[in-house]
Amino acid sequence: MPKTKKKISAIEERCSGCQRCALACSFFTSPEKAFNLSKSKITVVPSWDLGHFEISFSEDCTHCAKCVQYCEFGALKRHEQVSAASRSNDHGPTD
Amino acid sequence: MNAACGYAGTILSVDLSSHTVEKIPLDTDLARDYIGGHGINAKLLYDLVKPGIDPLSPENVLIFGTGPLVGTMAPVAARATAMAKSPLSGLIGISNAGHFGAMLKFAGYDHLVIKGRAERPVYLNIDDEDVQIVDAAHLWGKDVAETTDALWQEIGDEYWVTCIGQAGENLVRFAAILCNKHSAFGRTGLGAVMGSKNLKAIAIRGRKSVTVADGRKFMKLVDQNLQAMLSQHTAEIKMFQEQGTYAHVLQSGHMNFIPRPSRDTEAFDYQKCMDAFQRTNVSCIACPVGCKQWLKHENGMEFGASCTAGTVGMPYGVELLLPTWTDIGKAADLGQRYGVDSIDMAGMISWALELYENGVITKEDTDGLELLRGDAGTTLELMRRIAYREGFGDTLAEGIVRACQRVGRGSEAYAQHIKGLGKPPRLGLDLRAVLKHTYQFGGVVNPRGWHPDCYRVVGIPFSGEKEGTIEAIKDLAPMFGIPPQAMAAVLAGKPYNIPLFTKFAEEYYVVVHSLGLCDRPFALMSIEILADFYLAATGLAITAADLLLAGERVWNIQKAFNIREGASRQDDRVPERVTREAVEVRAGKFPPVLVADVNVLIEGYYEARSWEKETGKPTAAKLKALGLEAIARDLALPS
């Protein structure tokens, strides 16, 4: 799965693994309006012992950016406009 | 049920003796009367554990609970509570951790009840509905990090792994249970209970949903309260992110109220810790702060610090006076690997050091080991001997009460414990300096022993700090739901009515812990907001007063558990030592605690709780008012 999805990019070194992004995604994108990590379109895989969190997006992510809204660590960014600068600052948008 | 949203609706009960798994619907009345997590655990424990059993026998029951807000986006809703009869105190054992509850909930369970004892080492694999008791011969003997890695390798790293290390296997009475190498169910020896059941680990993978009754209202509450928390506590949160829970002890003036150290240690300077270790913040689920840390040292050492104060700096630095953060880190790493309550581990070693320094014990008692305070070699070797119960380590592994009995020779005079739980260095506060404060006094009457469960009250100035007490109490009153008509009584006394305020604080904290919320000072929400969250999540109409009544019910059932085990007025007391010796702390010299002063506080507390003044037993009338008539009958209370 890609590290970035359309207009959202991840800065993994800022992530603390709180999963608020995934909880929000599942709540706002599922018809049942429920919290479910396995139904989230953003996945945070914690490597607890490496102090590292791997973030990926599923193919059906609609880049609604609810995950960005609920990330308090600045680990997710929404790019309104694709620019060379944003590419060089982090992973950069893919499309 | 599943009558209410918020809850998963099922209690998972596993009997390791009969190898059976039962799924019991969560009763709506149980949910309403005991809220969840901590509260329902207490009720289940009271009902399932027969009085007088050996805590390390198959008859003990180990219970994990989540809470109706766990698994949602309610800020800091990550807390799980574990309970069993404690092998340390012989009374109610309670402990909490962050990296457990949500995954249990996503697997479809609010509580996990473990009974019996497996014939051979096993682990529990909970994969949604599929619950397997699996052979764990290959894991037995491994430390916490090795066990966790082995299970991630074996069954997948999407599992949350909770396990014991060698200390739990060897029934060290202050063994802990660790989750994902980070969070610890630390206090009261529940790791030994897990070990006694031959249960090495619990691995959970859940893919189910946690629903809420009114999603729109719920998310509005999430948004409002998250922003309030982040904007009102910006500086405090930043400190917790940088220093973990060490921020708490540095910020609150704790360091001014600990006995003067007899030698230099870097433990008083957290900047040196930040220089020595590379740190990564780790959050519990749904927490926007992340006060847990993964600490990495340039020498290759790395470990999870669930509580930089309680797991790392205070026990091994402030208590044992290891000189550098590197040495402190070595001890903390080892403690996490063996799986111990670092507070009692350091406390036991500190006690042994003092016995040695004063000639009560010699090398003949310690199998030839010279005991030197502030020496990393002594500390690490004693930790190893305790975890494996080797020689003198076997005595220390018994916990303070039994170790005093075994050593004899007046060793009790050097001990500091309440109900068998050692002095929590995380407090950093000496009882002589700050007895007259809910934070410390709460530890004297706490059914689980010496631990500060009323965390937020550190905002109230300590003894010797005269300014701001009344303001702090007034500030906290609405949060705790203290009725306005009770405020005159709460504010009466010097410096305030500590017993009565303690009662209100305890009930509020039971609510917080039962909903499944963290109790870091910056994270607390008012009881009215908690009631709003509960209603939006569950759809069960409940008021703030109802929640606090449930808190009182739970506190009484915990007390009843202890009374049924034979606890009496004598168990609510300060260590004899602090009534005999004065102490010097940075804030000044403090005389011994006067027993008469303590008695006044305790009797005031019993009165505030409507418990019998002479015995500390809840009265039949109080239990009846709480709907606990059956317990009054159990305890044969006069009506």
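Residues numbered from 1 in each chain as written. Chains lettered and ligands numbered in written order. Predicted model: local features only at pLDDT ≥ 70, side-chain atom pairs only at ≥ 80, totals over all residues. Heavy atoms only, no water.

**Quick word on the sheet that holds strand 6 (residues 111-115) of chain B**
All names here are of chain B. An order of 2-1-6-3-4-5 is seen for the 6 strands of this open sheet, with the pairing classed as mixed. Strand pairing shows two members of the sheet lacking a second neighbour, strand 2 (20-25) and strand 5 (92-97), which therefore form its edges. Across this sheet, the average inter-strand angle for adjacent strands is 15 degrees, counted without regard to direction. Looking at chain direction, strand 4 (residues 80-85) and strand 5 are connected through 6 bridges and run antiparallel. When the sheet's bridge partners are listed, Ala-82 is paired in strand 5 with Ser-95. Against the sheet, helix 23 (residues 544-564) makes contact with strand 4 and strand 5, and its axis sits at roughly 140 degrees relative to strand 5, the strand it touches most. (Pairing = 2+ DSSP bridges. Helix = DSSP H or I, 4+ residues; strand = E, 2+ residues; numbered from the N terminus. Axes fitted to C-alpha atoms, helices over the stretch in contact; angles between N-to-C directions. Contact = heavy atoms within 4.5 Å.)

**Points about the environment of Pro-478 of chain B**
Position of Pro-478 of chain B relative to the elements: it lies in helix 19 (residues 469-480). Distance from Pro-478 of chain B to Pro-592 of chain B, taken between C-alpha atoms, is 35 Å for residues 114 residues apart in sequence.

**Digging into the environment of Glu-298 of chain B**
Residues and elements named next belong to chain B. Within the secondary structure layout, Glu-298 lies in the loop between strand 15 (292-297) and strand 16 (302-305). When its relative accessible area of 78% is taken as the criterion, Glu-298 is described as exposed. In this structure, the C-alpha to C-alpha distance between Glu-298 and Lys-43, residues 255 residues apart in sequence, is 48 Å. (Buried < 20%, exposed > 50% of the residue type's maximum accessible area, 1.4 Å probe, protein only.)

**Structural notes on the packing of aromatic side chains**
Within a pair of aromatic rings, the relevant descriptors are the distance that separates the centres and the angle that separates the planes. Under the counting rule described, the total for this entry stands at 24 aromatic pairs over all chains. Between the aromatic rings of Phe-27 of chain A and Phe-28 of chain A, the centroid separation amounts to 5.1 Å while the plane-to-plane angle is 85 degrees, which identifies the pairing as edge-to-face. Seen in terms of ring centroids, Tyr-7 of chain B and Tyr-534 of chain B are 6.4 Å apart; in terms of plane orientation they differ by 75 degrees. Their pairing is edge-to-face. Pair noted here: Tyr-7 of chain B is in the segment before strand 1 (10-15) and Tyr-534 of chain B is in helix 22 (residues 527-538), with a separation of 527 residues, a long-range link. (Phe/Tyr/Trp six-rings, centres within 6.5 Å; stacked < 30°, edge-to-face > 60°.)

**Section: the confidence of the model for chain A**
Looking at chain A, the pLDDT average stands at 81 and 73% of residues meet or exceed 70. This model gives residues 82-95 of chain A a pLDDT under 50, and the stretch forms 27 contacts once residues within four places in sequence are excluded. (pLDDT = per-residue confidence, 0-100.)

**Remarks on the pairing of strand 12 (residues 199-205) of chain B**
Residue and element names in this part refer to chain B. Across the 7 residues that make up strand 12, a large majority, 7, are buried. Bridge count between strand 7 (residues 122-127) and strand 12: 6 bridges; the pairing is parallel. Within the sheet, the bridge partner assigned to Asp-127 lies in strand 12 and is Arg-205.

**Describing the packing of helix 1 (residues 20-29) of chain A against helix 7 (residues 215-232) of chain B**
At a minimum axis separation of 12 Å, helix 1 of chain A and helix 7 of chain B run at an interaxial angle of 155 degrees. On the basis of the axis angle, helix 1 of chain A is roughly antiparallel to helix 7 of chain B. By crossing handedness, the relation of helix 1 of chain A to helix 7 of chain B is classed as left-handed. Every residue of helix 7 of chain B that contacts helix 1 of chain A at Arg-20, Phe-27 and Phe-28 of chain A is listed here: Gly-215, Met-219, Val-222 and Leu-226 of chain B. The residue inventory of the contact of helix 1 of chain A with helix 7 of chain B, partitioned by class, reads 5 nonpolar, 1 polar and 1 charged. (Parallel < 35°, antiparallel > 145°, perpendicular 65-115°, else oblique. Left-handed = near helix turned anticlockwise from the far one by under 90°. Nonpolar A, V, L, I, M, F, W, Y, C, P; charged D, E, K, R; others polar.)

**Looking at the sheet that holds strand 16 of chain B**
Residue and element names in this part refer to chain B. With antiparallel pairing, the 3 strands of this open sheet are ordered in space as 14-15-16. Bordering the open sheet on either side are strand 14 (277-282) and strand 16, each of which pairs with just one other strand. Strand-to-strand twist across the sheet, computed as the mean angle between neighbouring axes with direction ignored, equals 20 degrees. Bridging between strand 14 and strand 15 involves 6 bridges; their strand directions are antiparallel.

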